[in-house]
Amino acid sequence: MTLTALLSHWLRNKVQLAMLLAGLTLATALWSGVQALNAQARGAYATAAALVSEDGASRLVAPSGQMDQARFAELRAQGVLVSPVVEGRLAVAETRVTLLGIEPLTAPQGTAAALADGDLQAFFAGAGFAHPETLAEFSAPPMPLSPSNAVPVGTLLVDIGTAQRFLGMEGQISHLLLTGPAPDPLPDGLQLAQASEGAELEGLTDSFHLNLTAFGALAFAVGLFIVHSAVGLAFEQRRGLFRTLRSLGVPLRSLTLALAFELVLMAFVAGLAGLALGYVLAAALLPDVAATLRGLYGAPVPGSLQFSPVWALAGLAMAFAGAVLAGGQALWRLWHMPVLAPAQPRAWAMATGRAMRWQVAGALALGGVAVALAWFGSGLFAGFALLAAALLSAALLTPPVLALGLRGAARLAQAPVAQWFWADSRQNLPRLSLALMALMLALAANIGVGTMVASFRATFIGWLDQRLVAEFTITPRDAAQAVALEAFLAPRVNAVLPLRRVDATLAGFPGAVFAMRDHATFRDNWPLIADVPDVWDRLAAEDGALINEQLARRANLWPGDSVLLPGAGSVPVLGVYPDYGNPLTQAIVTEGWFDRLYPGTPTRQLAIRTDDPSATRAALLDEFGLSAQAITDQAQAKAISMAIFERTFLITGALNVLTLSVAALALFATLVTLSGLRLVQLAPLWAMGLTLRQLAGLELARALVLAGLTMVLALPVGLMLAQVLLAVINVQAFGWRLPLQVFPADWAQLALWAGLAMIAAAAWPAWRLWRGGGGPLLRVFAYER
Amino acid sequence: MNVKVFLVLLLWAPTALAQGFAGLGTDATGFAVPERGRALQFPRDHGAHPAYRIEWWYLTMTLQGADGRDYGAQWTLFRSALAPEERTGWDSPQVWMGHAGLTTPDAHFAAERFGRGGVGQAGAEAAPFRAYIDDWHMTSTASTGADALSALKVEATGPDFGYSFELTAEGPLVFHGENGYSIKSAAGQASYYYSQPFYTVTGTLDLPTGPVEVTGQGWLDREWSSQPLASDQQGWDWVSITLDDGHRLMGFQLRGADIFTAGTWITPDGTATALPDGALRFTPLGTAQVAGRTVPVRWQIDWPARDMRLVTEPVNPQAWMDLTVSYWEGPIRVSGTHTGRGYLEMTGY
Amino acid sequence: MTLLALEDIRKSFASAEGAVPVLQGVSLGVAAGQVVALTGESGSGKSTLLHIAAGLEAPDSGRVLIGAQDMAALPDAGRAKLRRGTVGLVFQQFNLVPSLTVGANLAFQARLAGVHDPEFCAALAVRLGLSDLLARYPEQLSGGQQQRVAIGRALAAKPKVLLADEPTGNLDEATGDAVFALMLELARAQGAALLLVTHSARLAGQCDRNLHLRAGRLA
């Protein structure tokens, strides 16, 4: 009975109900959507890990990167249980894939499971397995391939013999997987590498996922603002009903329970809807996320979403938590409401006055926390905590600061309508404040992330121009072709700069050591962010190494410090170079030294400097007989890099738009729910001779003014956010620090968007007012409200 | 298809062969087929025969500790060919599987190894004789001029056990069937099959409780073929028995639509008499629950023509080889008209 | 001089059963300084007639003359302009502007109409006993005080026509009587035509003329 009475309110206020459900649905959707993306990616890393090792099984590796195949039989004969692996990159037409060659009879269970539906005889004979999405990329596969979901995207799983043939590694193996206990002492010349690729990916991509989670949490918070305001308004509007019910003898406990049940019911409905929407959202975003993870980290993530019941339950739980969080206050107030508390708006206003003071106090406290975190905090988590504290502080400060601004404007206003406009705006601020806080957060997030991305893009483009000076690069098929190419090209071009690398652990982080030829190309162009005097001469004199910014920041190594290079011991750091887009650490030594340190390392790529690119290209194709796919020209390389960059932030952009949309919805919800209350405030003006059109126009103008003021407030908050992203989060997550650049044109565009969002939110109530013909206003004069 | 399941089918499953599995149902794929009347040559035939589909080096040992406690040990290397040839490197179509078993009256240990030919991980070479997979090996220690199998060193280790034996043959090689041509069904499926049943064994068992010195007798079976079983045969029960009077008896029954039996009676000097189908009769006397199955671990074996009636008791009824390819294999004690010790193998349960 | 004249006003509202006539040819006139009371049962159409007189609603037919101007013939914007300068409204619910102070509320319509006279306004505040309350907000006032503000607001623009809809309906009798007396006195002093809707025969008795509305017609 009680419940029926309570629920009947929603039948009469369908829009309010829709807003409440929409808010909770959206919040759940964004949160669970992001979680689905994370879970999908993590699952993919686990697949990759399971394929190359059994639950993080260790590997035996040789410092040079590969070893003679005889080591395998030799170790097995000593009773050391190992399984050989050959791994390499393979270019197939336009696509580059990882070719993973395993020995199925000795491989760990996880690897063998990838073969679950295959034919061993065909596998031995050269057939392989690939993820269905990888398969779809080939028009002409390099070998007969069968689909398997156990193989990571972008990897071809083949027999070890097949891999050796394709990679030109006959008689060589990349590493050995330990399937039994590690031998003690370790075999001669081999090292134990504990981290599996999956674990490495997990660590590298952690920051990306934390980023996504932070966005999800922000969206969830913004969504909760909607729910909170809808629940709060519904509570206010049903105050009379509560009073009546209590007077009729309904116990407080029953009433509270009924209200709680109502909340749970809505959470359930909205939670389910949110899950469905979240799934759709994640499925829509996944291809971009997968592309980003592949482009940035080389992490194999399939682009099609899988459903997990755990995810669904977690999403529902979030919906319930959100509903309780947003509706708990209303329940608490009901519990503490005297039976016959008068429904007086002034009490509400006074309560909000007190709330405002608490808000300011809270904002200051959070601001203090943010400052403390900025001062003493370190690490990615502290960075995000700092952001959260600063953003929340700014959000809480939004209504008081807006109130201050409106009060000032009211002082300056002369005309009566203007005076009323400002005064009225200020009076309505408390009711709008939640929605405005949501808008402020969304705008600040947009400005912050937008500024970060734009700053990054500007820096990145400049850096690309410096780094990609070679007219083109060639990827030789194998070491022999590399030697032949160098001999062929030497008399024809200005310079042939070979690229050689060995994988290495630098200061405890996975990375690689590169060889660099002493050449003007590098001396003139290679960007450095810190260096010793005569850095290039000293590098050529084998006096030390250059390291990338990632290594410099992670290990806090700068010119003057020393870094431990495998085989070379401790060498001085001569310079630090920016290395955007690379998740791994790097060090560079001069070519001659490199070849002595790591003899026999094959050349992976050749960078070509030439004055006549087209002639050189023609010579390579026609005279040398190189395939066109092996040649990447400068423009192509830049385009690929930029494409990866843009894709990386596509997801950010999408989430930005979604957050802003949620904020607009919050405003819409609030304005629609408020429109009834607004009638009482507008009716006297109408009676005194303002037209409906004027009033509707003023309503729109008020919305715009509030949006504008919020935008002005969001600007410094957004810039602060950008600064934290660039100077704290990026450094922690990616290992590079970028200068902050401002892009006012972007702000203007965002302000336009904010204005449009606000107009979209305010248009319907205003239109109803204008077109309602005064009927609703007349009823104000006739009835008690 | 799972790798290991593949091996099961390849090595053990006549039913799969009957279903024409992957073109392996017939010998029309180029594999060599045993021929009646072909004389075995040594040391060549001690080594691998890559042209034949399957082959094994199967050693079982009945052992006793100094305290008279009974033990049993098994060392087996299986070869299975995907194509009737050997190639070097990873192209080799030869797949190898090692099994090691160790039975005590109250425990049973088993381990397996897999490997490919061509890269030196596993193989069987005739001269000098060595059959091996990883660190498991059976290596000839015979003096020059003697048969390579007349003295052996055999070793294997599992995760929780290990063993090392020296074997010395006290008699000659024994050829089953017609000079090693052994019929395996009424329809005529056959294999090459010879044995060295006269080993005396000394060695050490590595048990979780510590090392145990043992002595005893060993029996090595060598067999290769391309299609040993008829398509309807589900499994077999096989015994090798060393009687206290110095005679040896090898006998088996193949269970299919009909029962097919065969055996070899070996005198202490190595003279072998082939027992034709139906000469031996196998009767289960009692079963045990082993690894969730009902397995007939007690048998009565009758040879009516000689009024021989043997009853076998397992040293440990739980001697289940719980490996990718699983079966029962363990030492037995023999009583009845004669007494002795031996090994029982049961597959297809 | 007749400041407010309603001529043959007809109005019906749409309902599920078709058009329901509310006013069926009502004509009346209120002269300067005259106070006319309009009484009638609930639903007799008194409030609708008052809203039509104020130009808040348009009649289906008939004329609403304020001075010489026919309010009913004007478009919405024109009615609003006329209302601003020549019509003062007092409601049962006071309907003050909640975001403005008492002082601002008092002066609001006068300033809107561009006829704000600070001295007059101040005098009005004194007369209404509001001088000490000018800085307060409406919700801080008692009902009687609020209604006095509403009356002051209506009169501050010196309207030709004052329309009041149950001005004491929300007040206790003593307060109501005092407020009513004050309104009458001030309206008469300004020479405004006052049309008053009330269901109280006692109040109606204090007016110059009494009109009774029954089933959409004047009795």
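### With respect to the environment of Ser-146 of chain A
All names here are of chain A. With respect to the secondary-structure elements, Ser-146 resides in strand S6 (residues 145-147). Separated by 17 residues in the primary sequence, Ser-146 and Phe-129 have C-alpha atoms spaced 4.8 Å apart. Dropping the residues within four chain positions of it, Ser-146 is found in contact with Gly-128, Phe-129, Ala-130 and Leu-135.

### A short note on the nonpolar core
Counting 154 residues, the largest nonpolar core has Trp-420 of chain A together with Leu-4 and Leu-163 of chain C as its most contacted members. A per-element tally of this core places helix H14 (residues 416-467) of chain A first, with 25 residues. Mapping this core onto the domain boundaries places at least three of its residues in each of domain 1 (22-50 + 221-343) and domain 3 (347-469 + 635-785) of chain A. Excluding residues that lie within four positions of it along the chain, Leu-163 of chain C makes contacts with Leu-4, Leu-50, Ala-53, Ala-54, Val-87, Gly-88, Leu-89, Val-90 and Leu-195 of chain C. Among the nonpolar cores identified, the runner-up in size contains 45 residues, and Ile-133, Leu-149, Ala-156 and Leu-167 of chain B belong to it.

### A few points about helix H20 (residues 613-624) of chain A
Residue and element names in this part refer to chain A. Taken as a whole, H20 has its buried residues at Thr-616, Ala-619 and Leu-620. Summarising the axial view, the buried residues of H20 lie within an arc of 95 degrees, below the 170-degree limit, and thus occupy one face. The exposed residues of H20 that point more than 90 degrees off its buried face are Ser-614 and Asp-622. In this fold, the buried residues of H20 make contact with strand S11 (472-474), helix H15 (479-489), strand S19 (603-609) and strand S20 (631-633).

### A few points about unusual backbone geometry
A cis amide bond links Phe-42 of chain B with the next residue in sequence, Pro-43 of chain B, at an omega value of 10 degrees. Cis geometry marks the peptide bond from Ala-127 of chain B to Pro-128 of chain B; its omega dihedral reads -10 degrees. Looking at the secondary structure, you find Pro-128 of chain B in the loop between strand S5 (122-125) and strand S6 (130-133). The residue Asn-556 of chain A is not glycine, and still its phi comes out positive at about 55 degrees. Residue classification places Asn-556 of chain A among the exposed residues on the basis of a relative accessible area of 54%.

### Digging into the pattern of salt bridges
Residues and elements named next belong to chain A. Going through the model one piece at a time under the given rule, you end up with 42 salt bridges over all chains. The shortest N-O distance in the salt bridge between Glu-699 and Arg-678 comes to 2.6 Å. Of the two residues, Glu-699 is situated in helix H22 (residues 692-733) and Arg-678 in helix H21 (residues 634-687); the sequence distance between them amounts to 21 residues. You can call Glu-699 buried: its relative accessible area is 16%. Residue Arg-678 is classed as buried on the basis of its relative accessible area of 7%. By sharing partners, the salt bridges in this structure join Glu-486, Arg-500, Arg-517, Glu-591 and Asp-595 into a single network.

What counts, and at which threshold
- Residues numbered from 1 in each chain as written.
- Chains lettered and ligands numbered in written order.
- Predicted model: local features only at pLDDT ≥ 70, side-chain atom pairs only at ≥ 80, totals over all residues.
- Heavy atoms only, no water.
- Helix = DSSP H or I, 4+ residues; strand = E, 2+ residues; numbered from the N terminus.
- Contact = heavy atoms within 4.5 Å.
- Core = buried A, V, L, I, M, F, W, Y, C linked by side-chain atoms within 4.5 Å.
- Buried < 20%, exposed > 50% of the residue type's maximum accessible area, 1.4 Å probe, protein only.
- Domains from an automatic or database assignment.
- Arc of directions from axis to C-beta.
- Salt bridge = Lys/Arg side-chain N within 4 Å of Asp/Glu carboxyl O.

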